[in-house]
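Notes for the structure review
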Amino acid sequence: MKFDFTGLNIQASSAAELKAAEIFSLEIEKRTGRKPEIKNEKPLVVFSQCGEERLPHKDCFEIELEDGELKIFAHTVRGLIFGLGKFLMKTVYSGEKITLISDIAGKHIPEKRIRGHQNAYRKMPNTYDAWSPEQFRDHFINLMLFGTNTTELLPPEYPETEDSYNSLMKWDMKEHMEKCSHYANEIDMDVSVWYPSDELPEDESAELRRETLKDAERIDIIFPPGSDPGDYPADQFVSRCVKIAKEVRKVKPDVQMWPSAQMPRGIPGWGDAFVENINATEDGVITGIIQGPNRAMEVYELRRRIDSRFPLRFYPDITHNLRCEYSVQYPSEAWHYSLQAVNSRESVNPRPQEYKRIHSIKSPYTVGSVSYSEGVTDDANKFVWGRLEWEKEQSVKAILEDYARLFFPGADYVKCAQAISGLEYNWIGDPLENPNIENTLSLFRNIVKENPELHDNWRFLMHLYRAEFDMLVKMRRRAETDLVDEARDYIFRNDLEKAEEITAGEGGYI
């Protein structure tokens, strides 16, 4: 079933409705070149705030679709953005023509209450260190179009020095955090702050956090990791979390405290002590618990052992390839050495099928997640993981097609989804024996040839780059294997000098 929304107009009145309409209007203009007008004339998209009599909470939305009119109902701007995102995910574009390809009417209620990603302005990430707060705002909106409700920020380092910054960072870290907090609040996005322990005495440490966070417009959650960095024995760590929660609530009364069960190395029995001390805290001080890398115990055991009053949030590492919680081809770690050598720990790494499998194992024990990320190289993973938190039974194929329709409008979304999936299959086995590498690159090249505007689309170029890169790895592997075979022939002839000459090449040994 298809619906024609070419030349659509918008209707909105309240502040939240007008904010959603503004975002929607910009998205439609990007895709068609035409900015919708605010007038009651079909085809029409209507934004409408509602209350609990219609929907149970603000993460839900409802769509009514009838006779050229689509109505989106939600409590706040958050749900309205989720609703307009659903429309954008299910529409295709050709010039000014807009076609809704699915009947999206009905109530849409997420399965998990926390669906977020870390977006950290600091010197470590591969992208975010160069982004202005306004670029983060746009990224927040992109994530929300796919159902994300939480962003995780970082505070300034303590003590802050020149070494806290790199040459790409143009903003003061505290000012950047506060601006991002403001932009998140404008769209009713929850703000979590990853805030590791320091070496200050307990009282001073709590006071530092109160002063650092007090001017941020929105802080919903404080997340102190149990380690990496900030190693303390479990009893001291929990005590510090309690003190911080009470101190920060003097300026942010509703802030939640979610410490993580990430175990410091070199402290035997830390996990047992953490559980004992967490369970002994008074009601209302600790809100929930987080499980992440360097875990004290598996997620199912942590869920079993901590008190039922504490919900459990997951902190999955979806950004790294090696020396991490979920290395490529987890748990077998069969990633070919030639691919490991050139991609290393952090590269463009769509792994949708693998993360769907990991999600199916871990998610039953949690109320949701905020993923660990080091930038945009894991962009496809973010949207796949986040969408599975909305509805775990969705297929990877459907999610990637939604991703393609949302971010590559006008292109063949089936081919785009196949191409991104192909990048995951490029990493299976020896690249020398993997024909998928040529097929994936050919698919990407055909897509961009048919849609030259994608040369200006960073998401598409990033994945095209990976496809080209994989082909270079395969070509190098073929060339070096041929040299080794040739050198081996000379070794069998007892001509070691010639064999050494072949393997040394111009730049040293292969």
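Definitions and cut-offs
- Residues numbered from 1 in each chain as written.
- Predicted model: local features only at pLDDT ≥ 70, side-chain atom pairs only at ≥ 80, totals over all residues.
- Heavy atoms only, no water.
- Helix = DSSP H or I, 4+ residues; strand = E, 2+ residues; numbered from the N terminus.
- Rg over C-alpha atoms; globule rule 2.2 N^0.38 Å.
- Buried < 20%, exposed > 50% of the residue type's maximum accessible area, 1.4 Å probe, protein only.
- Contact = heavy atoms within 4.5 Å.
- Lys, Arg positive; Asp, Glu negative; His and termini not counted.
- Charge placed at Lys NZ, Arg CZ, Asp CG, Glu CD.
- 1 Å grid on protein atoms, 1.4 Å probe; cavity = no way out; pocket = protein on both sides within 12 Å on 5 of 7 lines; lining within 4 Å.
- Points joined across faces, edges and corners; volume = space filled by probe spheres on them.
- Nonpolar A, V, L, I, M, F, W, Y, C, P; charged D, E, K, R; others polar.
- Phe/Tyr/Trp six-rings, centres within 6.5 Å; stacked < 30°, edge-to-face > 60°.
- Lys NZ or Arg CZ within 6 Å of the ring centre and 35° of its normal.
- Pairing = 2+ DSSP bridges.
- Polar contact = N/O pair within 3.5 Å; in protein donor to acceptor, adjacent residues only side chain to side chain.
- Disulfide = S-S within 2.5 Å.

Another aspect to go through is the overall build of the protein chain. Broken down by element type, the protein chain carries 16 helices and 16 strands. For the protein chain, whose C-alpha radius of gyration is 25 Å, the value lies close to the compact-globule estimate of 24 Å for 510 residues. Projected onto its principal axes, the C-alpha positions of the protein chain cover 85 × 60 × 45 Å. For the protein chain, with 510 residues in total, the buried portion stands at 57%. The contacts in the protein chain between residues at least 6 apart in sequence include a share of 74% that link residues at least 24 apart. Considering the protein chain, the positive charge centre built from 65 side chains and the negative charge centre built from 87 side chains are found 3 Å apart.

In this approach the atoms are scanned with a rolling probe the size of a water molecule, which exposes any empty space left behind. Applying the stated criterion across every chain, the model contains one cavity of 30 Å³ or more. Here the largest cavity is characterised by a volume of approximately 40 Å³. Surrounding the largest cavity, N119, Y121, L153, L154, M173, H176, M177 and C180 form its lining. Looking at the lining of the largest cavity element by element, the count peaks at four residues for helix α4 (residues 173-186). In terms of residue class, the lining of the largest cavity is built from six nonpolar, two polar and no charged.

This part takes up the packing of aromatic side chains. Where two aromatic rings form a pair, the distance of their centres and the angle of their planes describe that pair. Taken as a whole, this structure holds 27 aromatic pairs when the rule is applied. Where W270 meets F274, the ring centres are 5.2 Å apart and the plane angle is 10°; that geometry is what we call stacked. Of the two residues, W270 and F274 both sit in helix α7 (residues 270-279), four residues apart, roughly one turn of that helix. F274 carries the same exposure label as W270, and that label is buried. R54 extends its terminal NZ or CZ atom over the ring of F73, reaching a point 3.6 Å from the ring centre. Note that R405 overlies the ring of Y413, its terminal NZ or CZ placed 4.4 Å from the centroid.

The subject of this paragraph is the layout of surface pockets. Reported here for the largest pocket is a volume of approximately 790 Å³. Looking at the largest pocket, it is lined by 28 residues, and the ones nearest its centre are E27, K30, D138, N142 and R459. Contributing elements (two or more residues each) for the lining of the largest pocket: α1 (15-32), α3 (133-145), α4, α12 (396-407) and α15 (458-492). For the second largest pocket, the calculated volume is near 440 Å³.

Strands sit in the order β1-β7-β6 across an open sheet of three strands; the sheet is antiparallel. Each edge of the sheet is formed by a strand with only one pairing partner; in this case those strands are β1 (3-4) and β6 (91-94). The pairing of β6 with strand β7 (residues 97-100) spans four bridges and is classified as antiparallel. Note that in β7 the partner of Y93 across the bridge is I98.

With that settled, consider the environment of R265. The topology assignment puts R265 in the loop between β13 (256-257) and α7. You can call R265 exposed: its relative accessible area is 70%. As for R265 and S227, which are separated by 38 residues in sequence, their C-alpha atoms are 8.2 Å apart. Among the polar contacts listed, one links the side chain of R265 to the side chain of N294, at a separation of 3.3 Å.

Here we come to the state of the cysteines. Taken as a whole and judged by the stated rule, the model has zero disulfides. Unpaired in this structure, C60 has its nearest cysteine sulfur neighbour in C50, at a distance of 9.0 Å. For C60, a relative accessible area of 0% corresponds to the buried category.

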